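# Geometric and topological summary
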There are 8 protein chains.
Amino acid sequence: MTNDITLQDFAVIDALRAERTGYPEVVYCRGKTVDQAAAIIMAMREKNIPVLATKASPELAGRAAALFPEGIYDEAALTFTIGSVRGEKRGLVTVVAAGTSDLGAAREALRTAEFLGSRVELVCDVGVAGIHRLLERIPLIRRAKAIVAVAGMEGALPGVIAGLVSVPVIAVPTSAGYGSSFGGLSALLGMLNSCTPGVSVVNIDNGFGAGYQANLINLGNVHAHT
Amino acid sequence: MTNDITLQDFAVIDALRAERTGYPEVVYCRGKTVDQAAAIIMAMREKNIPVLATKASPELAGRAAALFPEGIYDEAALTFTIGSVRGEKRGLVTVVAAGTSDLGAAREALRTAEFLGSRVELVCDVGVAGIHRLLERIPLIRRAKAIVAVAGMEGALPGVIAGLVSVPVIAVPTSAGYGSSFGGLSALLGMLNSCTPGVSVVNIDNGFGAGYQANLINLGNVHAHT
Amino acid sequence: MTNDITLQDFAVIDALRAERTGYPEVVYCRGKTVDQAAAIIMAMREKNIPVLATKASPELAGRAAALFPEGIYDEAALTFTIGSVRGEKRGLVTVVAAGTSDLGAAREALRTAEFLGSRVELVCDVGVAGIHRLLERIPLIRRAKAIVAVAGMEGALPGVIAGLVSVPVIAVPTSAGYGSSFGGLSALLGMLNSCTPGVSVVNIDNGFGAGYQANLINLGNVHAHT
Amino acid sequence: MTNDITLQDFAVIDALRAERTGYPEVVYCRGKTVDQAAAIIMAMREKNIPVLATKASPELAGRAAALFPEGIYDEAALTFTIGSVRGEKRGLVTVVAAGTSDLGAAREALRTAEFLGSRVELVCDVGVAGIHRLLERIPLIRRAKAIVAVAGMEGALPGVIAGLVSVPVIAVPTSAGYGSSFGGLSALLGMLNSCTPGVSVVNIDNGFGAGYQANLINLGNVHAHT
Amino acid sequence: MTNDITLQDFAVIDALRAERTGYPEVVYCRGKTVDQAAAIIMAMREKNIPVLATKASPELAGRAAALFPEGIYDEAALTFTIGSVRGEKRGLVTVVAAGTSDLGAAREALRTAEFLGSRVELVCDVGVAGIHRLLERIPLIRRAKAIVAVAGMEGALPGVIAGLVSVPVIAVPTSAGYGSSFGGLSALLGMLNSCTPGVSVVNIDNGFGAGYQANLINLGNVHAHT
Amino acid sequence: MTNDITLQDFAVIDALRAERTGYPEVVYCRGKTVDQAAAIIMAMREKNIPVLATKASPELAGRAAALFPEGIYDEAALTFTIGSVRGEKRGLVTVVAAGTSDLGAAREALRTAEFLGSRVELVCDVGVAGIHRLLERIPLIRRAKAIVAVAGMEGALPGVIAGLVSVPVIAVPTSAGYGSSFGGLSALLGMLNSCTPGVSVVNIDNGFGAGYQANLINLGNVHAHT
Amino acid sequence: MTNDITLQDFAVIDALRAERTGYPEVVYCRGKTVDQAAAIIMAMREKNIPVLATKASPELAGRAAALFPEGIYDEAALTFTIGSVRGEKRGLVTVVAAGTSDLGAAREALRTAEFLGSRVELVCDVGVAGIHRLLERIPLIRRAKAIVAVAGMEGALPGVIAGLVSVPVIAVPTSAGYGSSFGGLSALLGMLNSCTPGVSVVNIDNGFGAGYQANLINLGNVHAHT
Amino acid sequence: MTNDITLQDFAVIDALRAERTGYPEVVYCRGKTVDQAAAIIMAMREKNIPVLATKASPELAGRAAALFPEGIYDEAALTFTIGSVRGEKRGLVTVVAAGTSDLGAAREALRTAEFLGSRVELVCDVGVAGIHRLLERIPLIRRAKAIVAVAGMEGALPGVIAGLVSVPVIAVPTSAGYGSSFGGLSALLGMLNSCTPGVSVVNIDNGFGAGYQANLINLGNVHAHT
């Protein structure tokens with residue numbers, strides 16, 4: 001317990017997490033006040049832990065940037081990063097987004113995988129409504145060691161990709177859509193029921209989770225040695 | 001009211017339906033006893049109305065076949081037909097089924113459109129898990145004047161087809177699948193949220209409704225003259 | 001791939017779509033920033049592609065109107081259009097709205113079908129609570145080659161119409177209502193479970209999808225020749 | 001408490017119920033063993049309380065008929081009755097059923113209202129798919145002092161009726177239907193969201209509840225005097 | 001059709017409604033612009049139809065009050081009324097509200113029944129958490145000819161009342177509550193599943209519908225003569 | 001780990017559970033084959049651990065009774081017990097059931113609390129439809145140190161009781177009911193949204209969980225000393 | 001009835017509640033206007049009843065603090081308290097929160113139990129993602145006589161704790177999370193389905209209900225004597 | 001297209017699948033008749049494709065075993081296999097099951113990963129109710145290159161594991177449980193909302209999908225070379 005960093009009354013930073021899982025704790029900002037998130041970031045920096053803050057509001061980013069000018073805010077991804085886990089990026093995680101509305105989650109995945117040590121690429125606007133756009137990019141997509149596929153509405157993209165490649169596809173349903181998309185439920189159910197094997201799914205709009213999982217797959221051997 | 005055929009205490013056959021809508025009433029058998037369904041079929045035959053009975057159990061089919069040996073039972077489609085609305089079939093309705101599990105609804109659509117006057121074709125096992133199987137058949141599918149696309153699980157097929165053709169696609173979600181398919185809900189939501197325009201949807205497993213709508217589209221001009 | 005128009009990092013316009021499906025791509029604005037939507041519209045105009053932008057906010061419309069003063073914004077429909085697919089309008093698509101609250105989706109359907117080449121008519125405030133208002137307009141409605149029926153709450157209108165006409169009815173459930181309408185779910189389920197054949201359904205509030213499908217039905221033969 | 005009839009370990013008959021509410025307790029058989037239901041019926045008969053048992057299985061009916069040959073079993077309604085609350089029937093409750101599949105719930109409503117003292121009539125197979133069948137019967141239906149309207153699928157019937165009459169309509173959604181009717185949910189939501197005032201709703205397949213409420217409305221003045 | 005009042009492009013007032021159902025059309029304001037609602041009210045006043053406008057925002061009420069200073073706005077009920085259907089109020093409709101949060105729907109019911117011709121009373125804050133408060137008021141409540149019971153959360157109130165009275169109870173679930181009340185779903189399901197007969201249910205927060213139905217029950221005989 | 005009892009390939013009995021939590025592991029039989037459940041019971045008996053098997057089918061009970069004739073099967077509760085945790089029963093847990101259909105879950109709660117060391121009482125058929133039956137038994141119910149309240153349908157019973165006593169009420173929703181009870185969902189939501197404090201809830205039909213929790217509350221002080 | 005405090009037209013304070021249940025009524029502020037809530041607080045203070053107001057907005061707290069400067073507002077808990085039920089705090093209720101986002105509900109539970117007479121402790125940020133943080137605090141947590149466990153997302157915390165302690169765990173699901181947490185539904189279902197006995201559940205975000213129940217358990221013997 | 005194997009009227013075997021994705025098509029038996037499944041297996045064996053048939057009923061297994069005595073049926077997993085994709089097994093996929101009820105899905109995952117070329121291990125009955133059983137096995141579990149975690153009810157297992165290891169966890173929710181587990185929904189939502197990164201999820205009871213994905217992760221480098 002001496003290794004955990006306790007912040008008064010609201011948080012305990014899991015300082016041994018990197019030892020157990022190979023990666024440091026990540027700061028999930030939603031549901032935290034700007035004061036709480038900033039305090040956590042400062043405590044981590046004092047221990048020289050690289051920081052990835054997700055779902056970071058512009059307000060929080062402003063506060064964090066004032067404290068840590070070297071930090072980087074990606075306002076589409078809503079991520080704020082200071083440093084990264086590994087200097088040299090390795091392997092390849094490719095993030096594929098069905099449409100413009102899916103770019104927030106896609107970029108969150110991209111930023112996450114990169115922060116954790118993966119080389120990354122983004123392929124966008126290849127929804128199944130114009131299947132040729134996807135097919136043309138398949139050779140490019142096939143170079144990845146793990147794929148993140150991001151889509152809203154009917155969520156068909158991951159299944160179509162998984163039928164064309166030999167690496168795992170991590171599917172991210174998004175809340176893009178309206179009416180009977182029910183906040184992303186349609187895409188989520190579509191992806192869970194994909195008739196193609198090789199797809200597994202994370203929470204709606206959870207680009208972070210998908211980028212994390214894809215990085216684990218991409219860098220698998222690296223961590224097996226630690 | 002004199003034109004309606006009243007069966008004691010449980011049914012009134014809408015004898016003027018053909019005049020109003022161009023097509024006779026169809027017998028939906030679920031929720032009716034075998035006695036009730038048989039009585040309705042007999043009453044229609046007395047007026048020489050051609051019969052399409054849907055969701056017909058083998059037990060009902062046995063009873064009906066004994067009464068009307070000229071009737072045809074399709075045990076995959078669960079349809080029993082006597083005669084048809086129009087002798088010569090016209091145009092083309094193509095029914096596309098994603099997988100073997102979808103054949104029941106697909107054949108119900110096929111039988112319905114044919115009974116009502118359409119020329120029909122069936123294309124099967126072209127799910128999006130192996131997209132090349134679908135792409136190879138697109139030239140064939142493009143010859144249709146209306147398409148019925150039948151799929152369970154993620155229900156992606158209709159949207160992919162609609163992006164490749166210039167005719168309306170009527171989508172039929174099926175209850176094929178398990179777990180989070182929730183009896184066809186995943187396919188239904190997927191189809192309703194298709195990002196491709198040109199798709200409209202009928203109830204889960206409602207091959208009849210899709211075949212009916214596709215026939216209306218296929219034969220549109222014919223009925224405009226009546 | 002040379003035919004697709006790639007916008008940096010967020011969109012690829014499907015320039016061959018008209019060749020495959022007979023109609024150009026449409027700009028769905030929700031989930032896009034004003035900058036992104038405007039960039040897509042400009043790229044399309046550079047290629048002389050007629051533009052239909054849907055779910056366009058007043059803010060986007062203001063930006064677009066400044067760039068393209070010939071564009072037309074329908075603030076009830078939330079559509080912004082520049083030019084149209086076909087000069088002369090043909091056939092007839094009739095859009096029927098149950099109540100005043102359904103006019104947004106109804107006008108979106110109307111604008112869409114007209115943009116794509118259909119002659120259009122609007123019949124409004126004919127909900128089933130006062131069935132005579134609908135019955136009186138049935139002769140008018142029967143002149144259509146395809147009908148779009150728009151309703152919220154219990155969504156009964158399309159089924160009642162389909163029992164009285166011989167052309168396909170495309171049903172649009174709307175999110176009008178409150179409480180157990182659950183954002184349009186009640187109307188959606190009602191329409192999917194219509195006991196009248198000849199009804200197929202699009203997403204909640206998806207006037208665009210219904211207008212598109214109705215236009216395909218209305219102009220069917222025209223595109224068969226391309 | 002001395003007025004309640006206690007059956008060992010599983011039931012307490014509410015013997016004062018008639019005094020408080022004007023009507024005796026009714027035996028709801030689902031979830032009770034045949035032994036339990038039979039014991040309750042016997043205890044009520046010992047006190048000369050007239051019996052209405054609902055959701056009564058054929059097995060229970062067999063047992064009850066052996067004990068009380070004067071009892072009447074309606075196998076469509078699944079009701080078993082011995083005697084009735086009032087000799088002479090008064091007023092008029094009209095039960096309207098949309099289709100043959102709705103007859104079970106409709107007959108349960110009919111039997112209930114009659115047992116409790118109402119004169120009753122049944123109008124069947126007047127679903128909104130052929131609206132003329134309903135319109136022709138409206139003069140007949142208007143004679144009622146309370147109406148029970150029973151329908152599955154989209155559940156549009158009660159709203160259409162309520163727009164044409166000046167008495168309360170009690171709506172019974174039924175589980176007739178399949179797929180996205182979700183066991184009667186579509187009809188239930190449709191009825192709750194009826195755009196016509198004058199409709200209130202009971203549980204799915206709850207013909208008993210509707211018949212009970214309609215009888216209260218029909219005989220209102222009678223009980224006001226007790 | 002000459003009796004209907006057509007407002008350009010968005011509404012047709014059902015002027016014969018009073019003849020068919022005994023009561024004029026009511027103006028449901030949600031989903032209408034202030035301009036649209038005001039135009040409808042003016043058109044009705046030109047024909048001397050008494051006006052009940054429901055779900056009327058303060059903004060609309062301001063506009064309407066400027067036009068018709070004799071109108072009355074109840075800001076808890078969100079109703080605006082001009083005149084009433086019947087001068088002298090008769091019978092008795094009692095509206096019972098479980099808690100302070102339910103007063104909006106309760107007052108809407110009260111205003112509606114009164115506008116339509118009923119004498120009305122309100123009993124408030126008698127939720128089942130302190131059952132004695134309800135029991136003490138039962139003698140008062142028993143004087144009604146129809147009862148409206150309004151409750152959120154678990155929605156137990158109507159069932160408890162119905163076990164103690166001999167008149168129909170119309171239950172109004174409200175969206176009061178949070179978390180797993182899911183916007184009133186918990187109260188709605190509770191009321192639909194009431195184990196006491198004599199309860200029927202309207203939509204969540206639909207005080208209007210309940211007041212309308214209760215008035216029909218209360219004044220039943222009056223309208224039978226028209 | 002040497003304290004756990006490992007059964008080949010399918011189960012590990014948590015032999016230290018009593019040390020950690022004060023009570024031995026309980027055998028939940030659903031989802032286990034009769035062979036698996038019997039093997040677990042035998043392994044526990046070899047260590048002299050008293051056995052409570054829940055959701056035990058008659059077939060399993062037959063097998064278990066042949067092996068352990070001293071065991072007791074309660075076929076309403078679906079429990080099979082051998083011995084008990086404590087010889088002398090203490091305190092008082094009172095189980096209150098709304099209706100006959102709720103007796104299965106009620107008796108499971110009763111058997112569980114008794115097995116774990118509580119003195120128990122059952123009060124049945126006191127649903128809120130006849131509130132006087134409950135009120136009369138309140139003095140009896142008040143003697144308990146913990147109350148289990150079991151109800152299906154609207155699930156109002158626990159809230160009404162909690163408003164009349166000063167001890168915790170553990171609520172068990174049951175799947176008794178039909179239609180919109182949706183397998184116990186209506187009762188579950190009703191109980192979670194109870195407006196009375198002092199109620200907490202377990203899973204639908206989970207009499208075991210409620211009996212366990214009530215026993216913990218009842219015997220609290222006893223275990224504080226171990 | 002003379003003991004109840006009636007506020008004009010909107011509330012009746014249940015002044016005998018303490019006599020029946022051992023604790024005074026609590027003021028639930030959501031759904032009440034600031035005027036209504038303030039009037040209730042003033043009426044209670046006139047009778048010297050200690051006040052706990054929950055879900056109190058900052059605006060209400062401002063008003064109340066002006067009237068009763070001795071009151072205490074906890075802006076994380078959204079509680080406003082004046083006095084408390086018992087001077088000396090006894091026993092121990094421990095509130096365990098999974099993450100920073102769960103602190104609102106956790107503090108509401110803490111404030112409630114303390115107001116009602118319990119000694120309280122808070123343990124925070126011990127979610128199951130870093131299980132060692134929880135395990136290290138188990139000896140501390142074991143000292144409680146009742147535990148409140150608060151968690152959002154998958155809601156696993158209460159079940160893990162209950163497997164390690166011998167006192168009741170009251171679980172509070174929170175709406176922390178996004179996407180498929182569906183406003184707390186995921187945590188609620190997780191907690192209801194906990195495979196560990198000894199857990200019962202209250203409504204989403206209902207820290208008050210959990211604190212109340214935990215206090216009843218903690219002080220059980222105290223109230224048995226009153 | 002010449003490479004696909006077309007079976008008359010119901011199936012097209014995707015013979016090029018191994019080329020595209022590294023693995024042959026798998027036979028999903030649910031929704032297929034025994035005749036259809038057997039015909040597909042025979043057609044694959046004629047091309048010497050190794051066979052994995054999932055969700056295979058005992059009846060189908062009997063038929064298949066008669067045709068191919070070398071096949072292996074695992075009746076817990078419901079898999080039938082003939083041959084395997086790779087002779088020598090490599091790496092390590094560890095399947096962890098929370099309880100005995102989860103063994104079906106767990107064994108399906110095990111059989112699938114093994115068939116596709118992975119070395120596999122099973123760890124069972126380590127649910128979170130007795131967390132020490134899991135913690136003791138963590139060193140064993142850490143040796144895997146990919147983990148499949150199978151659990152029903154609250155579905156907490158995968159998140160707890162992922163917090164303790166540095167490899168991807170593929171979570172399989174199962175339909176074990178009852179009441180508010182809603183057929184596996186509770187476990188599914190729990191897993192999707194896991195607060196630990198490193199978890200992705202497949203459909204309820206989809207052991208096959210998880211085993212497939214885990215094998216892809218485990219053997220990643222192998223296929224990168226083909």
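If you're wondering where the values come from, they're calculated on a predicted model, not measured in any experiment.

## Structural notes on the overall build of chain A
Helices and strands together make up the secondary structure of chain A, namely nine helices and 11 strands. Against the compact-globule benchmark of 17 Å for 226 residues, chain A has a radius of gyration of 18 Å, which places it among compact chains. Principal-axis analysis of the C-alpha atoms places the extent of chain A at approximately 50 × 45 × 30 Å. Considering chain A as a whole, with its 226 residues, one finds that 68% of them fall into the buried category. Restricting the contact set of chain A to residue pairs at least 6 apart, pairs at least 24 apart contribute 66%. Entry remark: accessible area of chain A is about 7100 Å², with carbon and sulfur atoms responsible for 52%. Computing the positive centroid from 19 side-chain charges and the negative centroid from 20, chain A places the two 7 Å apart.

## Quick look at the side chain of A:D102
Positionally, A:D102 belongs in the loop between strand 7 (90–97) and helix 4 (103–116). When near neighbours in sequence (up to four residues on either side) are disregarded, A:D102 contacts A:A97, A:V150, A:A151, A:G152, A:T174 and A:A176.

## Quick look at the pairing of strand 8 (residues 118–124) of chain E
Residue and element names in this part refer to chain E. As paired strands, strand 7 (residues 90–97) and strand 8 are joined by six bridges and run parallel to one another. When the sheet's bridge partners are listed, V95 is paired in strand 8 with L122. Taken together, strand 7, helix 4 (residues 103–116) and strand 8 constitute a β-α-β crossover, and its handedness is right-handed.

## Thoughts on the interface of chain A and chain H
At the junction of the two partners, chain A supplies 33 residues and chain H supplies 33 residues. With both sides pooled, the region where chain A packs onto chain H buries about 2600 Å², and carbon together with sulfur makes up 55% of that total. Put simply, chain A and chain H have zero salt bridges between them. For the interface between chain A and chain H, the tally reads 10 residue pairs in polar contact (both at pLDDT 80 or more). Secondary-structure elements contributing two or more residues to the side of chain A that touches chain H are helix 1 (17–21), strand 10 (169–173), helix 7 (185–192), strand 11 (199–201), helix 8 (207–218) and helix 9 (220–224) of chain A. Sort the elements by how many residues they give to the side of chain A that touches chain H and helix 8 of chain A lands first, with five residues. Among the residues forming the side of chain A that touches chain H, the class breakdown is 17 nonpolar, 12 polar and four charged.

## Quick word on the relation of the copies chain E and chain F
One copy of the chain maps onto the second through a rotation about an axis and a displacement along it. The operation relating chain E to chain F is a screw motion whose rotation component is 180 degrees, with 0.0 Å of axial translation and a residual RMSD of 0.0 Å. A rotation of that kind, with that shift, is consistent with a two-fold axis. A share of 100% of interface residues in chain E that are also interface residues in chain F marks the association as one of identical surfaces.

## A word on the domain arrangement of chain A
How big an interface is tends to be expressed through the accessible area that disappears when the partners come together. Residues and elements named next belong to chain A. Split by domain assignment, chain A resolves into domain 1 (5–82) and domain 2 (90–219). A separation of 25 Å is found between the C-alpha centroids of domain 1 and domain 2. On the side of domain 2, 13 residues touch domain 1, which itself brings 16 residues to the contact. Scanning the region where domain 1 abuts domain 2 turns up three salt bridges. The partner of K55 in a salt bridge is E108, with the nearest N and O atoms 3.4 Å apart. Our enumeration of links across domain 1 and domain 2 arrives at six residue pairs in polar contact (both at pLDDT 80 or more).

Conventions we followed
- For every chain, the first residue of the written sequence is number 1, and numbering continues from 1 onward in sequence order.
- Written order decides the labels, with chains lettered from A and ligands numbered from 1.
- Side-chain atom pairs in this predicted model are given and counted only at pLDDT of 80 or more, local residue features only at pLDDT of at least 70, and totals for whole chains, interfaces and linings cover all residues.
- Values shown for side chains rest on all heavy atoms present in the structure; no hydrogens or waters enter the calculation.
- A run of H or I in DSSP counts as a helix once it spans at least four residues, and a run of E counts as a strand once it spans at least two, with each numbered from the N terminus.
- Within these notes, the globule rule equals 2.2 Å times the number of residues to the 0.38 power, and the radius of gyration is based on C-alpha atoms.
- The classification of residues rests on relative accessible area computed with a 1.4 Å probe and restricted to protein chains. Under 20% of the type maximum is buried, over 50% is exposed, and intermediate values are partly exposed.
- Here, residues are in contact when the closest pair of their heavy atoms is within 4.5 Å.
- Throughout, the Shrake-Rupley method with a 1.4 Å probe supplies accessible areas, and for residues the shown protein chains are the sole cover considered.
- For the purpose of charge, His is not counted, nor are the chain termini; Lys and Arg are scored as positive and Asp and Glu as negative.
- All charge positions are set by atom: Lys at NZ, Arg at CZ, Asp at CG, Glu at CD.
- When DSSP finds at least two bridges between two strands, those strands are taken to pair.
- Crossover handedness is defined by viewing with both strands directed away from the observer: a clockwise path from the first strand over the helix to the second marks the crossover as right-handed.
- Put simply, buried area is how much 1.4 Å-probe accessible surface two parts lose in total, over both of them, once they are put together.
- Salt bridge criterion: a side-chain nitrogen from Lys or Arg within 4 Å of a carboxyl oxygen from Asp or Glu.
- Pairing of N or O atoms within 3.5 Å defines a polar contact, subject to two protein rules: one partner must be a possible hydrogen donor and the other a possible acceptor, and residues neighboring in sequence count only if both atoms are side-chain atoms.
- In this classification, the charged set is Asp, Glu, Lys and Arg, the nonpolar set is Ala, Val, Leu, Ile, Met, Phe, Trp, Tyr, Cys and Pro, and all remaining amino acids, among them Gly, are polar.
- C-alpha atoms of residues with pLDDT of at least 70 in both copies form the basis for the least-squares superposition of the copies.
- In this document the domain limits rely on a domain assignment from an automatic tool or a database.

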